[in-house]
Amino acid sequence: SSLNGRLAEHLGNDAMWLMKSQPLEDLHFTTYLNTFDNLPSGAVSKKMLITMLSIAIAILAIAIFNFINLEVAQSIYKSKEVGVRKALGTSKIQLMWRFMTESWLLSGIALLGALPLIFFGVTRFQEEMGWERVNMMEMDYFWWYLAGVVIVTATLSGFYPSFVLARLNPETAL
């Protein structure tokens, strides 16, 4: 009400202004301000958002554990390479960086393969929900988000296998 009073003070009583303040934590979840015009209800269901986020995190965690399991299982075949590299004087840190780089490259290639699925999946999801079609590929924060997910996922999934492989003893590896 003090905001409306200040507006009336500066703009005069002839101006018709009605301003409401809203906590930022409720911005996406309330309908009375109709914040998001492209949604039928004007807001996002908090329950649906939390459900979708939980499903996405669970799928990502399963993928990370699966990658770790496969990399540790492949360490048997990589042990000779590690033994030769250590015999030639490579340090543990250099070996860890080598396997982490491999993990980052694999995650980047997986992202390139997933981009068409993301594009068509989001488009189909927006159609099913009755939302106005928004092209996420044109949004800057979308690319930053994807880059962050790839870096964090690759780091989490590549650290343990690279640590295990770098610890291998060259005598037993060869």
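Counting of residues starts from 1 at the beginning of each chain's written sequence and follows it residue by residue. Given that this is a predicted model, residues contribute local features only at a pLDDT of at least 70 and side-chain atom pairs are listed and counted only at 80 or more, while totals for whole chains, interfaces and linings are drawn from all residues. Side-chain figures throughout are based on the complete set of non-hydrogen atoms in the structure, without hydrogens or water.

K.L.:
I keep staring at the overall build of the protein and nothing clicks. Help me out?
P.N.:
Under the scheme used here, helices are H or I runs from DSSP no shorter than 4 residues and strands are E runs no shorter than 2 residues, and both carry numbers assigned from the N terminus. Looking only at helices and strands, the protein features five helices and zero strands. Listed by position from the N terminus, the elements making up the protein come as α-α-α-α-α. The contact criterion used throughout is that any non-hydrogen atoms of two residues lie within 4.5 Å. Considering only contacts within the protein whose residues lie at least 6 apart along the sequence, 56% involve residues at least 24 apart. Accessible areas in this description were obtained via Shrake-Rupley with a 1.4 Å probe; residue shielding takes into account the shown protein chains only. When the accessible area of the protein is evaluated, it comes to approximately 12700 Å², of which 67% is carbon and sulfur surface.

K.L.:
When you look at helix α2 (residues 46–87) in this model, what are you seeing that I'm missing?
P.N.:
Three- or four-residue spacings in an α-helix give side chains the same orientation, since the helix completes a turn every 3.6 residues. Throughout, bend refers to the angle between the axes fitted to the seven residues that end at a position and the seven residues that start at it. If you look at α2, its biggest bend is around 60 degrees, right at tyrosine 77. Note on exposure labels: buried denotes an accessible area under 20% of the residue type's maximum, exposed denotes more than 50%, and partly exposed covers the range between, all computed with a 1.4 Å probe on protein chains only. Residues Ile64, Ile68, Glu71, Ser75, Lys78, Ser79, Val82, Gly83 and Lys86 constitute the buried set of α2. Where α2 terminates, the next one or two residues include glycine 89, which has phi positive at roughly 105 degrees.

K.L.:
I would appreciate a short explanation of the environment of glycine 83 in the present structure.
P.N.:
Mapped onto the elements of the fold, glycine 83 is located in helix α2. Overall, glycine 83 belongs to the buried group, its relative accessible area being 0%. Separated by 85 residues in sequence, glycine 83 and leucine 168 place their C-alpha atoms 7.6 Å apart.

K.L.:
Help me understand the nonpolar core, please; the structure alone is not making it clear to me.
P.N.:
Here the nonpolar core consists of buried residues drawn from Ala, Val, Leu, Ile, Met, Phe, Trp, Tyr and Cys, with membership extended through side-chain atoms lying within 4.5 Å. Val82, Leu95, Met96, Phe99, Leu165 and Ala166 form the largest nonpolar core, which has six residues in total. Put simply, the parts of the chain that give this core at least two residues each are α3 (92–129) and α4 (140–167). No other element matches the three residues that α3 contributes to this core. Sequence-distant contacts of leucine 165, that is, excluding residues within four places in its chain, are made with Ser75, Lys78, Val82 and Phe99.

K.L.:
How do you make sense of the pattern of salt bridges when you look at a structure like this?
P.N.:
For side chains bearing opposite charge, pairing can occur when the charged atoms are close. One side-chain nitrogen of Lys or Arg within 4 Å of one carboxyl oxygen of Asp or Glu is enough to make a salt bridge. Applying the stated rule across the entire model yields three salt bridges. Put simply, arginine 85 and glutamate 81 hold a salt bridge, and the shortest N to O gap is 3.0 Å. Taken as a pair, arginine 85 and glutamate 81 lie in helix α2 at a separation of four residues, close to a single helical turn. You can call arginine 85 partly exposed: its relative accessible area is 33%. A salt bridge links arginine 98 to glutamate 102, with the nearest nitrogen and oxygen atoms 2.6 Å apart. Of this pair, arginine 98 and glutamate 102 are both found in helix α3, four residues apart, which corresponds to roughly one turn of the helix. Note on arginine 98: relative accessible area 28%, which makes it partly exposed. Connected via shared salt-bridge partners are Glu81, Arg85, Arg98 and Glu102.

Everything listed is a geometric property; what it means functionally is a separate question.
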